[in-house]
Amino acid sequence: MERITEVNLTVNNGVFQGLAKQNLLFHQCLIELVDNSIAASIEGTEFLIDVQMIQSEDDSEIINLYIGDNGKGMSSEVLKNALQLGQSATTTSRLNEHGFGLKNALATLTSGTRDFDIWTKHKDSSEVHHVSGPFQHTMTITSDKDIDLPSIPHLTNKYSTIIKVSVNRSFIQTVQGRGARSDNLTPLRLWLIEHLGVTNRGYLEVNQETGIPYGNIFVSIGADKKRVPSLSVPLANAFIKRFNIELSGKEYELVYKYGTLDKVEAQRMLYHDKVKFYYQGNQVSQGIDIRLGKRTIATRQFENIWRKQTKNLELLDEPISRHNRFNDFVGELTIPELPRGVLTTINNKTDFNLDDPDWIKIFNKLNEFRPIEDVKEYTVNELIAKLVDRIKALNPLDTISTNTTVWYTGARIDIYQIKSSGEKNIYQIKSGIGSPMDLYQLKMYWDGLLISGIQPDLGTLVVEKFDANLERMAEDINTQYTPMAPRNSLEVKPYNFKVRTHNELGLDR
């Protein structure tokens, strides 16, 4: 005789201890909590998120981590939902998509066993709600109208939600991508800020309507406070492709920018210093970022997207392998804000859900725009060809060469122009931001021509953009005479260098 047995599944402490073993890194946990804070921001109000790290007085290996925000806060019912495994606190924001983020992050940060606290107060209520961890089968929320939210040490802002969690210093060290692990919170904070700046670049950008950022994130170590900047892909002279794709029955325009890694920008984009994890010009960091709305959901994507092709351009199942020849290849795919459930990610939002056919549709489209080997050389050569065409069009009687070499090393001048008037001009072309090294390379060409008995009249450094210091450097060099000219061989003139942009010379795409 058939017998049916019903099983009521329960969540016990062991589930949360298992949840802590999902291979999330420190910054990924913190990003989940920041997502919740941004999702709770009040419409029309600049959001504020403070992250504070303070060493515990009781244990030198424990860091007390605080996250406070000025959002709308939570009612006891919303907090109850937020604590429920697999249930989202809200149903409106993509940043609360799966119902695992808060639990996953706190369980991982505490190794599933240490304490945490959440205090929250909804903007339309006077009640403060408090719950303490670790996670267990029964959680108790205490609500009280007669108490205020606690303060975060060393900070004076008013918050609607505060999370406090005790974290092992060794886990915070997982923000580092490479190198010896630092015990010092100061360099670890820079790694964390880099991750936050890349992930939340869209939220930290200036809102063009208001002239201020959509919000601000600060990371403090005690009283030392730093603002997280918006860190965009350092692209030099980007190619831009726009295309429409149907996603879940509706058509959207996607924007794909790709091109050469701007190494000068990458060396100064984080507080005028270099980034350490992203955009390193190596195999690990080559590839593109994918941004959905204002949130960067994936970085350094390569083999997930591009596949090998047959001679007939049919796509194979085998991905293109990373290679040193792609080291300077970077880009960003920007997807507009989409409704929840369209283009899904995995539960911890660290990767796409590759079972979603809409992602496959997008990746198939991106395969029409193949990653470029030696993209830096390709881009410069394209710029040189464009400038040669423009010079010829404007001065058809001039002699133009891209094969003139100087010095015994055979250093090649990008463009050597002999005008019909006899004036001799040289050009040095770069794909990104101009640097002092670029100007000195132009100076090397000038000196090489002089040694061979040719007096140049004008040297032009052509770059995507440059700052006032580089222009000032060129002006200072222009007051000098070269020491390299042969004695009594010609009448030596002072240097004559100018710095021009691609846009000025009509080279922009």
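Treat the numbers as computed from the prediction; the structure is a model and nothing was measured.

## Quick word on the pattern of salt bridges
In a structure, side chains of opposite charge can pair up when their charged atoms sit close to one another. By the definition in use, this model includes 21 salt bridges. Across the salt bridge formed by Arg268 and Asp467, the nearest N and O atoms sit 3.6 Å from each other. Placement of Arg268 in the loop between helix 8 (263-266) and strand 11 (287-292) and of Asp467 in the loop between strand 21 (458-463) and helix 12 (468-477) is noted, with a sequence separation of 199 residues between them. Note on Arg268: relative accessible area 29%, which makes it partly exposed. A residue is classified by how much of its surface remains accessible, and Asp467, at 33% relative accessible area, is partly exposed.

## Digging into the side chain of Asn367
Examined against the element boundaries, Asn367 turns out to sit in the loop between helix 9 (357-366) and helix 10 (375-394). Of the polar contacts made by the side chain of Asn367, one reaches the backbone oxygen of Ile305; its length is 2.8 Å. The contacts of Asn367, once residues within four sequence positions are left out, are Ile305, Trp306, Arg307, Gln309 and Leu315.

## Topic: unusual backbone geometry
Backbone geometry follows two general trends: most residues other than glycine have a negative phi, and most peptide bonds adopt the trans configuration. Following Gly133, the chain continues to Pro134 via a peptide bond in cis, the omega torsion being 10°. Along the chain, the position of Pro134 falls in the loop between strand 4 (128-132) and strand 5 (141-144). Positive phi, normally seen in glycine, also occurs at Ser111, with a value near 60°. Turning to its location among the elements, Ser111 is positioned in the loop between helix 4 (101-109) and strand 3 (116-120). By relative accessible area, Ser111 is classed as partly exposed at 36%. One non-glycine residue, Tyr271, lies in positive phi territory at about 55°. Within the secondary structure layout, Tyr271 lies in the loop between helix 8 and strand 11. What makes Tyr271 partly exposed here is its relative accessible area of 32%.

## Focus on the packing of aromatic side chains
In the structure shown here, the tally under the stated rule is 19 aromatic pairs. Geometrically, the ring pair formed by Phe26 and Phe171 is edge-to-face, given 6.2 Å between the ring centres and 90° between the ring planes. You can see Phe26 sitting in helix 2 (residues 26-39) and its partner Phe171 sitting in helix 5 (residues 169-172), a full 145 residues away along the chain. Relative to Phe326, the ring of Phe302 has its centre 5.0 Å away and its plane inclined at 55°; by these criteria the two rings are tilted. Residue Phe302 is found in the loop between strand 12 (295-301) and strand 13 (307-309), and its partner Phe326 is found in the loop between strand 14 (315-319) and strand 15 (329-335); the two are separated by 24 residues along the sequence. Neither residue differs from the other here; Phe302 and Phe326 are each classed as buried. The structure contains a cluster of three or more aromatic residues connected by ring pairs, namely Phe239, Phe243, Tyr256, Tyr258, Phe302, Trp306, Phe326, Phe329, Phe369 and Tyr378.

## Side note on the sheet that holds strand 11
A sheet is described by the order of its strands in space; here 5 strands give the open sequence 9-10-15-11-12, paired in mixed fashion. Sheet topology places strand 9 (235-247) and strand 12 at the edges, where each strand pairs with a single neighbour. Each neighbouring strand pair of the sheet contributes to a mean axis angle of 15°, computed without reference to strand direction. The sheet contact formed by strand 9 and strand 10 (residues 250-261) spans 11 bridges and is antiparallel. Bridge pairing in strand 10 places Leu247 opposite Lys250.

## Re the packing of helix 11 (residues 436-451) against helix 12
The contact between helix 11 and helix 12 brings their axes to 10 Å, and the two run at 30°. For the element pair helix 11 / helix 12, the angle class is roughly parallel. Considering the relative orientation of helix 11 and helix 12, their crossing is right-handed. Residues Pro436, Leu439, Tyr440 and Lys443 of helix 11 lie in contact with helix 12, whose contacting residues are Leu470, Met473, Ala474 and Ile477. In the contact of helix 11 with helix 12, the residues fall into 7 nonpolar, no polar and 1 charged.

## Remarks on helix 3 (residues 76-83)
All of the buried residues in helix 3 are Leu79, Asn81, Ala82 and Leu83. Where helix 3 is buried, its residues contact helix 4, strand 3, strand 4 and strand 5.

Conventions and cut-offs
- Residues numbered from 1 in each chain as written.
- Predicted model: local features only at pLDDT ≥ 70, side-chain atom pairs only at ≥ 80, totals over all residues.
- Heavy atoms only, no water.
- Salt bridge = Lys/Arg side-chain N within 4 Å of Asp/Glu carboxyl O.
- Helix = DSSP H or I, 4+ residues; strand = E, 2+ residues; numbered from the N terminus.
- Buried < 20%, exposed > 50% of the residue type's maximum accessible area, 1.4 Å probe, protein only.
- Polar contact = N/O pair within 3.5 Å; in protein donor to acceptor, adjacent residues only side chain to side chain.
- Contact = heavy atoms within 4.5 Å.
- Phe/Tyr/Trp six-rings, centres within 6.5 Å; stacked < 30°, edge-to-face > 60°.
- Pairing = 2+ DSSP bridges.
- Axes fitted to C-alpha atoms, helices over the stretch in contact; angles between N-to-C directions.
- Parallel < 35°, antiparallel > 145°, perpendicular 65-115°, else oblique.
- Left-handed = near helix turned anticlockwise from the far one by under 90°.
- Nonpolar A, V, L, I, M, F, W, Y, C, P; charged D, E, K, R; others polar.

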